[in-house]
Amino acid sequence: MRSPVAPLAVFLVLVLPLTALAEPHGALAEREMRALAEQFPGRMAGSERERAAAEYLAGRLADFGYEPVLRAFPVTYSFHPLGGGDAREREAVSHNVVAEVAGRSERLIIVGAHYDTAVARNAGQAEAGIGGPALEGVDDNASGTGALLELARRLADAEPEHGIRFIFFGAEEVGLLGARHAVAEMDEQERERVVLMINIDSIITGDRLYVHAGPSTIDSHPIAASTRDEALGIAAGLGIELRTNPGRNADYPEGTGCCSDQAAFDEAGIPVINLEATNWNLGDLDGYQQTEISDAFPAGETWHKARLDRLNYLQTHLPEGRLGQRPAEVVAILLPLIEQLSGLPAADQD
Ligand SMILES: [Zn+2]
């Protein structure tokens, strides 16, 4: 005899995984950050490890119900092997991993983060332990990649007015090549359909979390500054400390940032905001120094250094709980922001 509870059990099994993610904000993001760092160190542009990471990300997106695509593009650059030796040329193929939530309008929100890790571009960098096959790239940028995966997971079943395109960029570290390829793939009409591009890069090491608008489009596209300010308001409402560049260095005007994949979009006339963690009050006031100089962080940063930008090291030397806290904060800010931009009703906060 059939149990009367069976249909309900079947219903729950089928429906629950497709509805709200019951975990708190940031849990999936932190898990995926750790997975990328541990399983795919040395994700250098065009390397086999970068390719394996791309396939891993595509697999996760497929698990969430997307139909991800790998968009291939050529990369050519010279690098120095760790341990010395002459410069080598690498001619290879890198990939962007792209997944999309369809919208009812033709307009589009793009949310991106790069998943590759740095390479030594000269002998000095190789000697300093920059790049190489052991670089976990936790801060830069498994952290943004994990946050992007969680946002994709949480929005997988959304039915927004405007589409949401997630792009996991390859080859950021050798000249924003993935982002430049993504921009080049869009014709002028498609570029004009982009409401805003949002980038996430390096959210762990830096003392403070920031949001900036793009310097090239901040005046021509008011949505960049207004969305930046909306992010600041959302964070304040949640009790999360979020700032923007105070503009103490004339090369980097107040409220704007630079230097990651969003720059390729900004330069092409597409409005952008970017989230990062650093400290714009230190060093040359250029956002490069991430934290105070200390025994653990002799230059006040972890950029591209295999010895420093790794899970065990950051866990030991950063304030307790940082590796969970920042992904949670970034997801908590960006999820309602993307919902607003794409015309979705705000979901209940966890
Ligand atoms: Zn980066």
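These notes cover the structure that comes with them. Small disclaimer: the values here were computed from a predicted structure and weren't measured. (Residues numbered from 1 in each chain as written. Predicted model: local features only at pLDDT ≥ 70, side-chain atom pairs only at ≥ 80, totals over all residues. Heavy atoms only, no water.)

### A word on the overall build of the protein chain
Looking only at helices and strands, the protein chain has eleven helices and seven strands in total. Its C-alpha atoms give the protein chain a radius of gyration of 20 Å, near enough to 20 Å, the size a compact globule of 350 residues would have. Summarising its shape, the C-alpha atoms of the protein chain cover approximately 75 × 50 × 45 Å along the three principal directions. Per-residue burial for the protein chain yields a buried fraction of 56% across its 350 residues. Long-range contacts, defined as pairs at least 24 residues apart, comprise 77% of the intrachain contacts of the protein chain with a sequence gap of at least 6. Surface exposure of the protein chain reaches about 14900 Å², of which carbon and sulfur atoms provide 51%. (Helix = DSSP H or I, 4+ residues; strand = E, 2+ residues; numbered from the N terminus. Rg over C-alpha atoms; globule rule 2.2 N^0.38 Å. Buried < 20%, exposed > 50% of the residue type's maximum accessible area, 1.4 Å probe, protein only. Contact = heavy atoms within 4.5 Å. Areas by Shrake-Rupley, 256 points an atom, 1.4 Å probe, with all protein chains shown as cover.)

### Side note on helix H2 (residues 27-39)
For H2, which comprises 13 residues, the first-to-last C-alpha distance of 18 Å matches the rise-based estimate of 18 Å (1.5 Å per residue) to within 8%. All of the buried residues in H2 are Leu-28, Ala-29, Glu-30, Glu-32, Met-33, Ala-35, Leu-36 and Ala-37. On the buried face of H2, the contacting elements are helix H3 (48-63), helix H5 (138-154), helix H10 (311-317) and helix H11 (322-341). (Expected span 1.5 Å × (residues − 1).)

### Remarks on the packing of aromatic side chains
Aromatic ring pairs are described here by two measures, namely the spacing of the ring centres and the angle between the planes. Going through the model one piece at a time under the given rule, you end up with seven aromatic pairs. Seen from their ring centres, Tyr-77 and Phe-79 are 6.1 Å apart, and the 55 degrees between their planes marks the pair as tilted. Accessibility classification places Tyr-77 together with Phe-79 in one group, the buried group. Both rings, one in Phe-169 and one in Phe-265, keep their centres 6.0 Å apart while their planes meet at 55 degrees; by these two values the pair is tilted. Of this pair, Phe-169 sits in strand S4 (residues 163-169) while Phe-265 sits in helix H9 (residues 262-267), placing them 96 residues apart in sequence. Using a relative accessible area of 0% as the deciding quantity, one classes Phe-265 as buried. (Phe/Tyr/Trp six-rings, centres within 6.5 Å; stacked < 30°, edge-to-face > 60°.)

### Quick word on the state of the cysteines
Here the structure, examined in full by the defined rule, presents one disulfide. Each disulfide pairs two cysteine sulfurs, and for Cys-258 the partner residue is Cys-259, the sulfurs being separated by 1.9 Å. Between Cys-258 and Cys-259, the S-S dihedral sits near -75 degrees, and the bridge is therefore left-handed. (Disulfide = S-S within 2.5 Å.)

### Looking at the coordination of the zinc ion
Around the zinc ion, the protein contributes the donor atoms His-114 (NE2), Asp-140 (OD), Asp-201 (OD) and Asp-201 (OD), which lie 1.9 to 2.4 Å from the metal centre. For the zinc ion, the four donor atoms are set out with angles of 54 to 146 degrees between them, so the coordination reads as irregular. Mapped onto the polypeptide sequence, the residues donating to the zinc ion form the spacing pattern H-x25-D-x60-D. Here the residue Asp-140 occupies a position in helix H5, and Asp-201 occupies one in the loop between strand S5 (194-200) and strand S6 (208-213), the gap between them amounting to 61 residues. Residue Asp-201 is classed as buried on the basis of its relative accessible area of 11%. (Donors = N, O, S within 2.8 Å, 3.2 Å for Na, K, Ca; no water. Tetrahedral: all angles 85-135°; square planar, octahedral: opposite > 155°, others 65-115°.)

### Overview of the sheet that holds S5
Pairing is mixed across the open sheet formed by seven strands, whose spatial order is S1-S2-S4-S3-S5-S7-S6. Every interior strand has two partners, whereas the edge strands, strand S1 (69-79) and S6, have only one. Each strand axis lies, on average, 20 degrees off the axis of its neighbour in the sheet, ignoring direction. Here S1 runs beside strand S2 (residues 88-101); their pairing, made up of eleven bridges, is antiparallel. Across the sheet, residue Ala-72 finds its bridge partner in S2, namely His-95. Contacts from H5 reach strand S3 (108-114), S4 and S5 within the one sheet, and its direction differs from that of S3 by about 145 degrees. (Pairing = 2+ DSSP bridges. Axes fitted to C-alpha atoms, helices over the stretch in contact; angles between N-to-C directions.)

### Some words on unusual backbone geometry
The omega torsion of the bond from Asp-140 to Asn-141 falls at 5 degrees, within 30 degrees of zero and hence cis. By the secondary structure assignment, Asn-141 is in helix H5. Even without a glycine there, the phi angle at Ser-202 is positive, about 65 degrees. Owing to a relative accessible area of 1%, Ser-202 belongs among the buried residues under this scheme. Even without being a glycine, Leu-285 presents a positive backbone phi close to 60 degrees.

### Let's talk about the packing of H2 against H3
At a closest axis distance of 11 Å, the pairing of H2 and H3 adopts a crossing angle of 150 degrees. As far as their axial angle goes, H3 and H2 are roughly antiparallel. The crossing of H2 and H3 is right-handed. Note on element contacts: H3 touches H2 through Arg-49, Ala-53, Tyr-56, Leu-57 and Arg-60, opposite Glu-32, Ala-35, Leu-36 and Gln-39. For the contact of H2 with H3, the residue count by class is five nonpolar, one polar and three charged. (Parallel < 35°, antiparallel > 145°, perpendicular 65-115°, else oblique. Left-handed = near helix turned anticlockwise from the far one by under 90°. Nonpolar A, V, L, I, M, F, W, Y, C, P; charged D, E, K, R; others polar.)

Read these as layout, nothing more, since geometry by itself doesn't imply function.
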